[in-house]
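Tertiary structure, described
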Amino acid sequence: MFDDIQKLEEQAVQAINKAMDLDTLRKIETEYTGKKGSITLLLKGLGKMAPEERKAAGMACNNAKQAVLSASEFRKNEITENEIKKQLDAPGFDPTLPSIPVKQMSGNFHPVSTISFSVEKVFEKLGFKIPDYFEVESEWFNFEALNIPGDHPARDMQDTFWLKNGSLLRTHTSPGQARAMKEFKPPFRAIFPGRVFRYERTDASHEHTFHQVEGLMIDKNLSVSNLIAIMKLLLEAIFEQEITIRLRPGYFPFVEPGFELDIQCMTCGGSGCPVCKHSGWVELLPCGLVHPEVLKAGGLDPDEWTGWAFGLGLTRLAMMKYKINHITHFMSGDLRFLSQFKAGGAR
Amino acid sequence: MKVSWNWISKYAELEGIDPIELSRQFTLSVAEIDEVYKTGEGLDNCFVVRVDRVETHPGSNKLKLATVSGGTINRTVVCGAPNVREGMITVLADEGSVVKSSSSEPFVIGKAVIRGVESTGMLASPMELGLGDNHAGIIELPPETETGKRFHEVAPVKDVIWEIDNKSLTHRPDLWGHSGIAREVASLCGRKYLPVSPDIVFTDDDPLTVKNSATDLCPRYTAFTMSGISIGPSPLWIQILLYNTGMRPINNVVDFTNYSMLTTGNPLHAFDRRDIHNSYIEIRTAKEGENIITLDQTDVKLNTSDLLITDSEGGIALAGVMGGLNSEVKDDTADIVLEAANFHAGTIRKTAVRAGIRTESSARFEKSLDPEMAQITGYLFARLVLDYIPGAGVSSKFYDEGNWKREPVIISISCDFIRNALGLEIANEKIISILTSLDFAVSEDRGNLIVRVPSWRATKDISIKEDLVEEIGRIYGYDNIPPQLPSVLLEKPWSLDVKNLQKIITDVMVLELGFTEVMNYSFDKLKYLKALGIGTENLLELANPVSKEEPVLKTDLIPNMLGNILLNENRCEQLRIFEMGRVFIQQQQDLPKQPRMFSFIIGDSQIKNQDDLFYNAKYCIETVIKRIERGNCEIKPCTTELPWIHPSKSADIIVSGEKTGYISMINPVAQKAMEIQMPFALCSINLDLLSSIQKSIHQFEPLPKFPAISYDVTVIVEPTVRAGEIIEILKEVEPELIHNVRCVDYFEGEKYAPKRALSFRMDFIHSSRTLKQEEVNEIHTQIVKKLSISVEGQVMT
């Protein structure tokens, strides 16, 4: 009896080690340990034996079964690795063979790109430059140059992603203001869209990575009146309808005067609904005249130059335009979300 | 912050102004009001009554029958309150009153028969009158209250509350109390402002020692003592105002400190006089290892930047944040020390954040309060105590320690500057009247203004000309500024470099090649890096990562895109995604290199021959390079080594001779480690490099004057011979005559094994005449010979 078990095990292991592919291996495994496998049959036959003998024989059978299974597992890894090795070494592969056209399929723009492109188009037509600035920024450009002093709450750990080397992930697109002032000779006008980062927990309306576009115009004698006119023009171009806007005082260290710009709720037309929390207005973006300290940081003389700036949340705008209720969809890479947006075009 | 219209009206003459209408203007000119609501609605039929008689209810031993009177009222009502007694002054909510029930649902009072006794109206509890959560008994009014009056005539229950968004007040330390709001409202309405100006006479009966050892962090510390206090409830009107603005009435002393704070914005603190050891108060920074137990029983470990109020034994208050448990006002407190101070905003904020104790007090000190307010607020408190606690008196000097006095902020500005900045024609007189209405002192000389900023606006809010522009603009109303687009000089259009490239590529990928654009986080996941065998040593580490799983910035777009495959592969057969974005490469200078990359992945779970995906990817990148006009795109042996690059099924992408990226089948080791099932190929291009390559505009080729002869050749070669090599050889045979050489097909199989057959097609064109058949035969012979020599190729016939 025990000899039989021993012999079966040896046979099985030998066969396993000779197997060259996974199919053969699987067959061998079934042959010995499957429902009608020879080791299984031996086990079933134990019932006829005397109890004390039965126990020892049972153990031997089970041990043999385990040995076969583990040998099979081991061999399986060997075969897979061999196959991978074979795959890795493909001397006949010729990358210079003719390319194969892809089959027709429907592509999709990311909704944030679509919104960004539509903003860019408006400003391009108005002669704005569209530079693209760094996402990892220095503390100076992100804060100091924007007149945000060292003890300002915005500079706390709880709002900013810091790198161990002391630089940071820009918390807004505004560091581009001083960069643009240093890059272009005034007068100039520019917008700079891009991703920004806030150190915060994500939920339906908060995300640590999102997109903004900054607008900046530097010239002589720019006024609040100019800013209101530009913002109205921009928003009507984006929403493709007449928009009523209003400015309220808002405090941001890098503009003075600073505003919160509201638009009349497009869902209810201003009569009040859940979208605008029954106020008739939706807060959309901060803007203002560039603070003299920021002009200085950008190397410009505030007695000579004036400016206005705004920061528009592209992600938020996309949520408004497409009625997207959960902000984390944007960075999810989930094609069920992304493939819903067919419209648009970069150019 | 909740603001009461009744309270504002104490500090400005506002008769006839509609607070609901005005709230819109306030939002546009001062700060955002989130919500406006009325209190005390439904209480018109509530009357002040006297309880003349209390009898037992015939049908219940818990209920009583109370006979009440006042004015024309004289009736008996059923009452279940334990505190009802003869002689008390209370409130009858008569038929038609709408009161709050314990579930805070409105409840209309009518006639009822209660256990056989008919009863009209009811005696109401504070909760039922909307004045808090006290429902233990009926409300008790002071005995001198005139009966027969409507309740809202004797108590400010009918009010309009503005809930102001605190965020919109961060730069306005003067608006954290009702008097400051009243000043703005008066200015908006053109009404008179009534400043807080109590007058107090001090004595020297109970001397203290007040030592300010931290004048940098505590610019002003004022204190005085009061004695003969009996702790009890504060007047009903104060309780109502506090309750309606979100504070719980506690007792007279606490309520008076809160009332004073909510009036001027300056927090106060009252200590039990008995607990101030040696009558000594010192303001100093905490010592290393010192701690204090605050009123809420938190044991706060202090560090040397925290500001502490101490007596001779140690801390008695965490300055500006919360008082100490050891010196709190108790039910038997008779003498107090009142602190009215001014603290450094940043210090208070840091301590409050670190200790995790945010209070009404710390929220206000964080805003840089006006040191002048400390004294006014202290006086206001003393006035309340003197007026409402019989027998109480001031028992010390007014101690005032610090170096808070500042030169007034003076700004000179021209009216033209204001007009230009606003883009608004506004008269000098209007400018001056707006500034004056906000208590700016203005002197004018032909349109040039010298403006003195009031102390409560001078702490951080207003210091430059532009700040005054805002004052004029907001009070005048931004809505009243006519929009006017700026005039600009025409200039040379700006070339968009990488941005433009990105746009073209995006269009080609989506519209022509059927890809979906993805955006992934800028962080790498440790899980993926580990599976791919990438160490984190050279990666940029975050000091405060969003999670331990994502502690580094990504150096490549691919790992997160592999994650995209994992997420989507079970839901689609074909997967085509691309991403464009910056990656982050550490370098010596402080900012990392941040090249812009473009990567795409093309996968197909049903594909028969997986290698076809490589040639699909090749097709895509060739199409892209053609569309952006950056010259020719060559495929050369791969020199890039990355964990996902297949060592033999990969190639570099050479654009106009420059290596700009690679294309590869997924490396099976990486694929297995990432547990991805779907076969796919990938491609990655450095956009910064690509855009630096000079644009090369395709130049028109004259159409051939003489017919082209299309010529095919199939050659059997070793599998290691590349089609590209053969194309080069074929071109070289007769460069003048042979054009458009391309590989059109290849064959493997037993017929050729181990070799394979490659088919090429080309055009023979002579520029000045038609080729003769003999010439074609001659070229053919050369081709056969050349292929045989250079690649041992055997041309099939």
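Conventions and cut-offs
- Residues numbered from 1 in each chain as written.
- Chains lettered and ligands numbered in written order.
- Predicted model: local features only at pLDDT ≥ 70, side-chain atom pairs only at ≥ 80, totals over all residues.
- Heavy atoms only, no water.
- Helix = DSSP H or I, 4+ residues; strand = E, 2+ residues; numbered from the N terminus.
- Rg over C-alpha atoms; globule rule 2.2 N^0.38 Å.
- Areas by Shrake-Rupley, 256 points an atom, 1.4 Å probe, with all protein chains shown as cover.
- Lys, Arg positive; Asp, Glu negative; His and termini not counted.
- Charge placed at Lys NZ, Arg CZ, Asp CG, Glu CD.
- Pairing = 2+ DSSP bridges.
- Axes fitted to C-alpha atoms, helices over the stretch in contact; angles between N-to-C directions.
- Parallel < 35°, antiparallel > 145°, perpendicular 65-115°, else oblique.
- Contact = heavy atoms within 4.5 Å.
- Phe/Tyr/Trp six-rings, centres within 6.5 Å; stacked < 30°, edge-to-face > 60°.
- Buried < 20%, exposed > 50% of the residue type's maximum accessible area, 1.4 Å probe, protein only.
- Lys NZ or Arg CZ within 6 Å of the ring centre and 35° of its normal.
- Buried area = accessible area lost by both parts, 1.4 Å probe.
- Salt bridge = Lys/Arg side-chain N within 4 Å of Asp/Glu carboxyl O.
- Polar contact = N/O pair within 3.5 Å; in protein donor to acceptor, adjacent residues only side chain to side chain.
- Expected span 1.5 Å × (residues − 1).
- Domains from an automatic or database assignment.

**A look at the overall build of chain A**
In terms of regular secondary structure, chain A is built from eleven helices and eight strands. For chain A, the C-alpha radius of gyration of 34 Å lies well beyond 20 Å, the compact-globule estimate for 347 residues. When the accessible surface of chain A is totalled, it reaches about 15600 Å², and 52% of it is carbon and sulfur. Between the mean site of the 41 positive side-chain charges and the mean site of the 44 negative ones, chain A shows a separation of 6 Å.

**Details of the sheet that holds strand 32 (residues 596–604) of chain B**
Taken in spatial order, the seven strands of this open sheet run 28-31-32-36-35-34-33 (chain B), and their pairing is mixed. Looking at strand neighbours, the two that pair on one side only are strand 28 (516–517) and strand 33 (633–637) of chain B, the edges of this open sheet.

**Details of the packing of helix 11 (residues 428–437) of chain B against helix 12 (residues 465–476) of chain B**
Residue and element names in this part refer to chain B. With their axes 10 Å apart at the nearest point, helix 11 and helix 12 run at an angle of 95° to one another. Taken together, the axis directions place helix 11 and helix 12 in an arrangement best described as roughly perpendicular. In this structure, helix 11 uses K430, I431, I434 and L435 to contact helix 12, whose residues at the interface are L468, E471, I472, I475 and Y476.

**Describing the sheet that holds strand 6 (residues 255–264) of chain A**
All names here are of chain A. Taken in spatial order, the six strands make up an open sheet running 3-4-8-7-6-5, and their pairing is antiparallel. Either end of the sheet is taken by a strand with one partner, and the two such strands are strand 3 (188–197) and strand 5 (245–249). When the angles between neighbouring strand axes are averaged without regard to direction, this sheet yields 25°. Pairing between strand 6 and strand 7 (residues 281–290): eight bridges, direction antiparallel.

**Structural notes on the packing of aromatic side chains**
For the structure on display, the rule yields 37 aromatic pairs over all chains. Taken together, a centroid distance of 5.7 Å and an interplanar angle of 45° make the contact between W5(B) and W162(B) tilted. Residue W5(B) is located in helix 1 (residues 5–8), and its partner W162(B) is located in strand 12 (residues 159–164); the two are separated by 157 residues in the primary sequence. What makes W5(B) buried here is its relative accessible area of 10%. A relative accessible area of 1% places W162(B) in the buried class. Here the aromatic cluster, defined as three or more aromatic residues joined through ring pairs, consists of W7(B), W237(B), F256(B), Y259(B) and Y388(B). Here the basic side chain of K129(A) rests over the ring of F184(A), its NZ or CZ set 5.3 Å away from the ring centre.

**Observations concerning the interface of chain A and chain B**
Each partner contributes to the interface: chain A provides 104 residues, whereas chain B provides 111 residues. Around 9500 Å² of area is buried between chain A and chain B when both sides are counted, 60% of it from carbon and sulfur atoms. Across the chain A-chain B interface, the total number found is twelve salt bridges. Of the charged contacts, one joins D94(A) and R756(B) as a salt bridge, the two residues approaching to 3.2 Å between their closest N and O atoms. At the surface where chain A touches chain B, the tally comes to 46 residue pairs in polar contact (both at pLDDT 80 or more).

**Structural notes on the side chain of S29(B)**
Structurally, S29(B) can be placed in helix 2 (residues 19–29). Reaching out from S29(B), the side chain makes a polar contact with the backbone oxygen of R474(B) at a distance of 2.7 Å. With residues near it in sequence (within four places) discarded, S29(B) still touches P249(A), L188(B), R474(B) and I475(B).

**Regarding helix 8 (residues 224–239) of chain A**
For helix 8 of chain A, with 16 residues, the first-to-last C-alpha span of 22 Å sits near the 22 Å given by 1.5 Å per residue. Taking burial as the measure, the 16 residues of helix 8 of chain A include twelve buried ones, the bulk of the element.

**Looking at the domain arrangement of chain A**
Each assigned domain of chain A is listed here: domain 1 (2–89) and domain 2 (112–338). Using C-alpha coordinates to define each centre, domain 1 of chain A is positioned 67 Å away from domain 2 of chain A.

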